[in-house]
Each structure stands twice: as C-alpha cells, then as structure tokens.
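Chain residues, written in single-letter form:
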Amino acid sequence: MKKILIVGAGGQIGSELVPYLRSIYGSNNVVATDVRECKGLGDDGPFEVLDALNPTNMASVVARHNIDTIFNLVALLSAVGEKNPQMAWGVNMGALLNSLEVARQHHCAVFTPSSIGAFGPTSPKDMTPQDTIMQPTTVYGICKVTGELLSNYYTLKYGIDTRSIRFPGIISNKTLPGGGTTDYAVEIYYEALRKKHYTCAVPHDVYMDMIYMPDALRAVVELMEADPAKLKHRNSFNIASMSFTPDILAAEIRKRIPDFTMDFNVDPVKEAIANSWPNMLDDTCAREEWGWKPQWDISSMTDDMLTAVAKKLNK
Ligand code: AKB
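Reference entry: report on the structure contained in this document. (Residues numbered from 1 in each chain as written. Predicted model: local features only at pLDDT ≥ 70, side-chain atom pairs only at ≥ 80, totals over all residues. Heavy atoms only, no water.)

## Concerning the sheet that holds strand β2 (residues 30-34)
Here's step 1: Across the sheet, 7 strands lie side by side as β3-β2-β1-β4-β5-β7-β11; this open sheet has parallel pairing. The open sheet is flanked by β3 (47-49) and β11 (237-238), the only strands paired with a single partner.
Here's step 2: As paired elements, strand β1 (residues 4-7) and β2 share 4 bridges and run parallel to each other. Residue V7 lies in a different strand from β2, and its bridge partner there is T33.
Here's step 3: Running over the sheet, helix α7 (residues 213-225) touches β4 (69-72), β5 (109-115), β7 (162-167) and β11 and is turned about 155° from β7. (Pairing = 2+ DSSP bridges. Helix = DSSP H or I, 4+ residues; strand = E, 2+ residues; numbered from the N terminus. Contact = heavy atoms within 4.5 Å. Axes fitted to C-alpha atoms, helices over the stretch in contact; angles between N-to-C directions.)

So, in structure tokens, the structure goes:
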C-alpha cells in the first residue's frame, strides 16, 4: 500500500482510519473522500467530495492520485437498512461494485468491511466458524454476504487483491455510529457520563461480538499487509475480541459509576436483528493466516472510553 483512497471516509470507521493510515503511510498518501464535506479530514491530507455511486468520478480520482489501494467504507447499517431495504441494497452494493470495477481497471487492491451481520439465525450461534451456513435475514447482511462472494469473484476472475474482515460492533469515542444494532454499546458511555442513566433499545441478555476501535484499525492494516501466500481466505475473516450483553456492559460501567442505571425500551427491529446474529465468532483462521490477536477487553476498553468521552463532554 502506498497510495490509498478511502471511499465513505466520514463515517465511524473512516474518521479514525484516515488519521491512522496517514500516520503509517504519510498524510499525502491517503486520499479521503465522502459524499459530503467532512470537518477535519482535509486538515492534514487530501480530501475530495466523491459520490461512490458515480464510477466515472471514482475512476478519475483514482487516476489523478495514482491510487493502488481502495478502502470502500460506504454502508447503510443493519437497523437503518431495514427502514429502506431498496436504498440499502442500492447504496451498499453500488459502492462495492464501483470500487471493484475501478480497482479492476486501475489495478488496485480493495478492502471492504463485512460484518457479524453476514450470519443469520441458521448459523451456529456459539464459536461461529469461519466457513459455515450464512443465511442472514437483514438486507444489510444479504449485502455483506453478496459482497464477500463478489469480492472473491473479482480475485478469482480478474486477479484483484481483495480482502475483508467481518467486524463485530465497533466501539469508539470519536464519531458516533449511526443506524446499527450494536450502537447501544457506544451510546451507553455518553449517557452514563451525561445522565448516569441509559435506556437501551436492545434486550438485556443478548450477546453480540464487539471490538474497540484501536484493535479494529490495527486489524485492517495487519490484514492488508499480510503475505498473500499465507491467506487461504480473503472475503471475509471472522475476528473476535469480546462478547457481552447490555447487562454485562452496564455492570462494567457501574464498577466506575456506581449510581449508573439502565432501563429498556426494546426496539423490535433491533431485537430481531440481534437475536439473529451470533453470540461470538471463532477467529482461528484470522489468527493462523495473518496473526490476528486482540489487545483490548471490556475492562480496559471501559476505562479508556469513560476517560475519553468525559474529556469530550467536559465532565
Ligand atoms: C451494525 O450494528 O449494523 C454494525 C455491524 C455489527 O455491522 N455495527
């Protein structure tokens, strides 16, 4: 990787991946783009407004900056996707197909995030294997499975270097996620500090995989730098870091804020999605093929989140 294009850079992952990649590869070697102007992303490196659904414009940015690696981060997440499935399909698949096509024409590698949402109710729930039945029941998950297959197809058919990670819910303190089922695990920290109370939209006892952003960013770079000869899989790798329920996370926060309380106003759409997803993935293949190993757990993450969010909120 020496000249990188980030498509959809203004979201939760992009707003932290851009500075992380710039710190590794150099500011001018990471071109951030989004469908709208994004505060901060152009401060220390190139930024352009780019609609990922316009392949001509994407190709012209790639040619102009001599790009060799595309990170396609464009996605409507799981819960918001259920509100407008047709639009979710159009945006999620359109941005991916354009990224793959531009990569084919300009000989680029492609990274696309997949998700635990690529699995469905018929997948094994515990230690969900890397290769197993995948029949998701959300449009988001259907896009992720299709995206994995399409990316593998571009590698087989055209020799494009495509790689991907099935991300758990990502917890971060810079940009809020939007429209996901795992968003509660970020919002809870803000509300714990603001009001010492949180009303959770996900049932109290549903386990889902989660990861802290620093581990997620490191995973992306480690996978993209991995020796291709060692990769038996490409699209997409299970990774795991921690798995918990809302009750377990609330108890962890209560160790630091003893009067924190939580009640529930369960959103039936999020409930159905959360119940259809695995409890925890088996990440053996990622560990064996490119050395994946998480560094954060629920306790160290909670310490760091509360410190960072308190600073942000002037608490
Ligand atoms: C979502 O909740 O939709 C995402 C995901 C797990 O892919 N955070």
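There is more to say, and it comes next.
## Observations concerning the pattern of salt bridges
Here's step 1: Counted by the stated rule, this structure contains 16 salt bridges.
Here's step 2: Linking D44 and R22 is a salt bridge whose minimum nitrogen-to-oxygen distance equals 3.0 Å. Taken together, the positions of D44 in the loop between β2 and β3 and R22 in helix α1 (residues 14-25) put the pair 22 residues apart, joining distant regions of the chain.
Here's step 3: On the basis of relative accessible area, D44 is assigned to the partly exposed category, the value being 41%.
Here's step 4: According to the relative accessible area criterion, R22 is buried, its value standing at 4%.
Here's step 5: E222 serves as the salt-bridge partner of R218, at 3.0 Å between the closest nitrogen and oxygen. Of the two residues, R218 and E222 both sit in helix α7, 4 residues apart, roughly one turn of that helix.
Here's step 6: Looking at R218, the relative accessible area reads 14%, which means it is buried.
Here's step 7: A network of salt bridges, in which partner residues are shared, links E252, K255, R256 and D303. (Salt bridge = Lys/Arg side-chain N within 4 Å of Asp/Glu carboxyl O. Buried < 20%, exposed > 50% of the residue type's maximum accessible area, 1.4 Å probe, protein only.)

## A look at the site of the ligand
Here's step 1: Taken together, L77, S78, S115, I116, Y140, G169, G180, T181, T182 and W277 make up all the residues around the ligand.
Here's step 2: Interatomic distance of 2.6 Å between a side-chain N/O atom of S78 and an oxygen atom of the ligand.
Here's step 3: A distance of 2.6 Å separates an oxygen atom of the ligand from a polar side-chain atom of Y140.
Here's step 4: In isolation the ligand offers 250 Å² of accessible surface; the protein chains occlude 93% of this area.
Here's step 5: By residue class, the composition of the shell around the ligand is 4 nonpolar, 6 polar and no charged. (Near = heavy atom within 4 Å. Polar contact = N/O pair within 3.5 Å; in protein donor to acceptor, adjacent residues only side chain to side chain. Areas by Shrake-Rupley, 256 points an atom, 1.4 Å probe, with all protein chains shown as cover. Nonpolar A, V, L, I, M, F, W, Y, C, P; charged D, E, K, R; others polar.)

## What about the layout of surface pockets?
Any space left empty among the atoms is revealed by the rolling of a water-sized probe across them.
Here's step 1: Empty space within the second largest pocket amounts to approximately 150 Å³.
Here's step 2: Lining the second largest pocket we find 14 residues, and of these N152, K232, H233, R234 and N235 sit closest to its centre.
Here's step 3: The element best represented in the lining of the second largest pocket is helix α5 (residues 139-158), accounting for 3 residues.
Here's step 4: Of the residues belonging to the lining of the second largest pocket, the class tally is 3 nonpolar, 7 polar and 4 charged. (1 Å grid on protein atoms, 1.4 Å probe; cavity = no way out; pocket = protein on both sides within 12 Å on 5 of 7 lines; lining within 4 Å. Points joined across faces, edges and corners; volume = space filled by probe spheres on them.)

## Thoughts on α1
Given 3.6 residues per turn, any residue in an α-helix points the same way as the ones three and four places further on.
Here's step 1: Spanning 12 residues, α1 covers 15 Å between terminal C-alpha atoms, matching the ideal 16 Å at 1.5 Å per step.
Here's step 2: Within the span of α1, buried status applies to G14, S15, E16, L17, V18, L21, R22 and Y25.
Here's step 3: Tucked inside the fold, the buried residues of α1 contact β1, β2, β4 and α7.
Here's step 4: Count one or two residues on from α1 and you reach G26, which has phi positive near 100°. (Expected span 1.5 Å × (residues − 1).)

## What about the packing of helix α8 (residues 246-254) against helix α11 (residues 298-312)?
Here's step 1: Direction vectors running N to C along α8 and α11 enclose 60°, while the axes themselves pass 10 Å from each other. One finds that α8 runs oblique with respect to α11. Between α8 and α11 lies a crossing of right-handed hand. Within the contact between the two elements, α8 uses I248, L249, E252 and I253 and α11 uses I298, S299 and T302.
Here's step 2: In the contact of α8 with α11, the residues fall into 4 nonpolar, 2 polar and 1 charged. (Parallel < 35°, antiparallel > 145°, perpendicular 65-115°, else oblique. Left-handed = near helix turned anticlockwise from the far one by under 90°.)

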